[in-house]
Amino acid sequence: MTLWGGRFSIKLNDQAWDLNSSLPVDQRMALQDVDGSLAWANALHKAGVLLDEEHAQITQGLGTVREEFVSGQFSFVPTDEDIHTAVERRLTEVIGATAGKLHTGRSRNDQVATDFRLWMLGAIPELDAALKDLQSALVEQAELAGETLMPGYTHLQRAQPILLAHWWLSHFHPLQRDCERLADLIKRVSILPLGCGALAGTPVAVDRAELAGSLNFLEASQNSLDSVSDRDFAAEYLFCATMTGIHLSKLAEQIVLYTSAEFGFFELSDAFSTGSSLMPQKKNPDVFELTRGKAGTLIGMLTGLLATLKGLPSTYDKDLQEDKQPVFTATDTLLAILPVIAGALRTISARPGRMRAAIDSFMMATDLADYLVGKGIPFRETHVMAGKAVRLAGEKNTGLEELPLEAYQALCPAFEADVYQVFDPMTSVEKRNAIGGTSPQSVKNQIKKIKGE
Ligand code: ARG
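Reference entry: report on the structure contained in this document. Keep in mind the model is a prediction, meaning the values are calculated, not measured. (Residues numbered from 1 in each chain as written. Predicted model: local features only at pLDDT ≥ 70, side-chain atom pairs only at ≥ 80, totals over all residues. Heavy atoms only, no water.)

This next bit is on the overall build of the chain. Summing up its helical and strand segments, the chain has 19 helices and six strands in all. Taken over the C-alpha trace, the chain has a radius of gyration of 31 Å; the compact-globule value for 453 residues is 22 Å, which it surpasses by more than 25%. For the chain, long-range pairs separated by at least 24 residues make up 74% of all intrachain contacts whose partners lie at least 6 apart in sequence. Summed over all atoms, the accessible surface of the chain reaches about 21,500 Å², with 55% contributed by carbon and sulfur. Charge-centre separation for the chain: the mean point of 42 positive side chains lies 4 Å from the mean point of 57 negative side chains. (Helix = DSSP H or I, 4+ residues; strand = E, 2+ residues; numbered from the N terminus. Rg over C-alpha atoms; globule rule 2.2 N^0.38 Å. Contact = heavy atoms within 4.5 Å. Areas by Shrake-Rupley, 256 points an atom, 1.4 Å probe, with all protein chains shown as cover. Lys, Arg positive; Asp, Glu negative; His and termini not counted. Charge placed at Lys NZ, Arg CZ, Asp CG, Glu CD.)

Omega for the peptide link from S314 to T315 comes to 10 degrees, which places this bond in the cis form. Positive phi is not limited to glycine here, since N216 has a value of about 65 degrees. Tracing the chain through its elements places N216 in the loop between α9 (208–214) and β4 (219–220). Given the relative accessible area of 68%, N216 is considered exposed. (Buried < 20%, exposed > 50% of the residue type's maximum accessible area, 1.4 Å probe, protein only.)

Attention now goes to the pattern of salt bridges. Under the definition given, this model contains 31 salt bridges. Across the salt bridge formed by E68 and R90, the nearest N and O atoms sit 2.8 Å from each other. Linking E68 in helix α4 (residues 52–71) with R90 in helix α5 (residues 83–95), this pair joins segments that are 22 residues apart in sequence. A residue is classified by how much of its surface remains accessible, and E68, at 13% relative accessible area, is buried. With a closest N to O distance of 3.1 Å, R432 and D367 form a salt bridge. Of this pair, R432 sits in the loop between α18 (425–431) and α19 (440–450) while D367 sits in helix α15 (residues 365–373), and the two are 65 residues apart along the sequence. A network of salt bridges, in which partner residues are shared, links E68, D80, R89, R90 and E93. (Salt bridge = Lys/Arg side-chain N within 4 Å of Asp/Glu carboxyl O.)

Remark: helix α6 (residues 108–145) packs on helix α8 (residues 172–189), axes separated minimally by 10 Å, with the N-to-C direction vectors making an angle of 165 degrees. Classified by the angle their axes make, α6 and α8 are roughly antiparallel. Note on packing geometry: the crossing formed by α6 with α8 is left-handed. Along the contact surface, α6 presents R117, M120, L121, I124, L127, D128, L131, K132, L134, Q135, L138 and V139, while α8 presents F172, L175, Q176, D178, C179, L182, L185, I186, R188 and V189. (Axes fitted to C-alpha atoms, helices over the stretch in contact; angles between N-to-C directions. Parallel < 35°, antiparallel > 145°, perpendicular 65-115°, else oblique. Left-handed = near helix turned anticlockwise from the far one by under 90°.)

Near the ligand, the surroundings consist of S22, D26, D82, H84, R108, N109, V112, Y316, K318, Q321 and K324. Here a nitrogen atom of the ligand and a side-chain polar atom of S22 are 3.0 Å apart. Q321 is positioned with one of its side-chain polar atoms (N or O) 2.7 Å from a nitrogen atom of the ligand. Here the ligand, which alone exposes 340 Å², has 86% of that area covered by the protein. Tallying contributions element by element places α6 first for the shell around the ligand, with three residues. Across the shell around the ligand, the residue classes tally to two nonpolar, four polar and five charged. (Near = heavy atom within 4 Å. Polar contact = N/O pair within 3.5 Å; in protein donor to acceptor, adjacent residues only side chain to side chain. Nonpolar A, V, L, I, M, F, W, Y, C, P; charged D, E, K, R; others polar.)

Time to look at the nonpolar core. Membership of the largest hydrophobic core comes to 91 residues, with the highest contact counts inside it found for M120, W167, W168 and F266. Take this core: its biggest share by element is 15 residues, from α6. Not counting chain neighbours up to four residues away, the residues in contact with W167 comprise M150, I162, L251, Q254, I255, Y258 and F266. Core analysis: the second largest hydrophobic core is formed by 32 residues, L50, I58, L91 and L118 among them. (Core = buried A, V, L, I, M, F, W, Y, C linked by side-chain atoms within 4.5 Å.)

Okay, the pairing of strand β1 (residues 149–154) next. Pairing of β1 with strand β2 (residues 157–163), which is carried by six bridges, proceeds in the antiparallel orientation. Within the sheet, the bridge partner assigned to M150 lies in β2 and is I162. Between the antiparallel neighbours β1 and β2 lie two residues, among them H155 with a positive phi of about 55 degrees. (Pairing = 2+ DSSP bridges.)

It is at 10 Å that the axes of α5 and α6 come closest, and there the two elements cross at 105 degrees. Compared by their axis directions, α5 and α6 come out roughly perpendicular. Residue-level inspection shows I83, H84 and T85 of α5 in contact with α6, the latter providing R108, Q111, V112 and D115. When the residues that make up the contact of α5 with α6 are grouped by side-chain class, the tally is two nonpolar, three polar and two charged.

By themselves, these observations are geometric and do not establish any function.
Quick look at the structure:
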């Protein structure tokens, strides 16, 4: 049984059948397809297309089909071209010819767009929960870090000392924006295509606003042509997923670097590291490398769908069948990565001694310039003086804290004996007390705000 045999005299070529079939991908939308069909049957009944008895039969039959999917009893047959065909074929087996009335005024074009949106509305909360759990792991680590100092980098060059807690939280906020983006996307996913027919609308007198409500959509779409061809929501969803992947890849890259012997800032738990088949000493951060790598795959899925959508003639084109695989795979990818990263971060150990040892006095060169600003000298000038001190220390192969007071006073008479206090990294950190800064008080406030206290 296909849904379209009437005008053909020769059976579809086997390989063309395989190419055309979308069941391997779209069977994931089985429950959404049944639920959309139940809602459509109700709408047909209210519109007077289905008699009470027919409606009861279809509803009860779809209930049976749904139950078979839920319990894993449903079996597909080779002629199930897609999930829509499979559901209607099984409904026909269960209730007989009345099943043939269900597709009145409906097309697979509005049906598939509805199923897909319903599926996504179920996936968004799952992603959101996994993101929030990772965010909790980051906050837990930030609280555990207390006032531990670490070097902060720009251009991967030592820049200024920061609090480890501040660094942990710097990975919280991007994920917060990811959650917000997903939440905002819901209002664009939650627009009902069902009742748009193949392209021009349905001739059945259905109340589409009511139909939208019955499927928990915010509203019914306003233009049938747009509605059956719009896949913006899928592209946006893939962008959201990809942006998360990119955020995770940045975090992952830093863990890869910081767990190396060269940095030695963290050690991974054995439960989240892997070994080498050849080198017995190896302890590899594979899960973070995979996270970094999968960001590339996610970018490919987003750009792939955008390329598919580009230049498509209105309205439905079979190209659109390519929309689901990337969305499903991107979802699976993130749902596989997020809990592993959360687990790996909850069990990672920081090595504060190594972090502290990587902070040298040059990282307080800005504080040196600020010291002279405190004496009333313009920053542009103090920047040059501090730069000269850096050059001098470099020439003498010493740290800034080892230059004698006379050397400082030769650069600027305003230097006094208390200048050496600026080389304490905690003093440097404490000064950065404005909102968003790395001072202990500022970071405490940040945690409070995050926790809504
Ligand atoms: N499998 C199709 C898809 O995913 C369903 C819609 C088919 N519509 C059609 N006119 N052949 O897009």
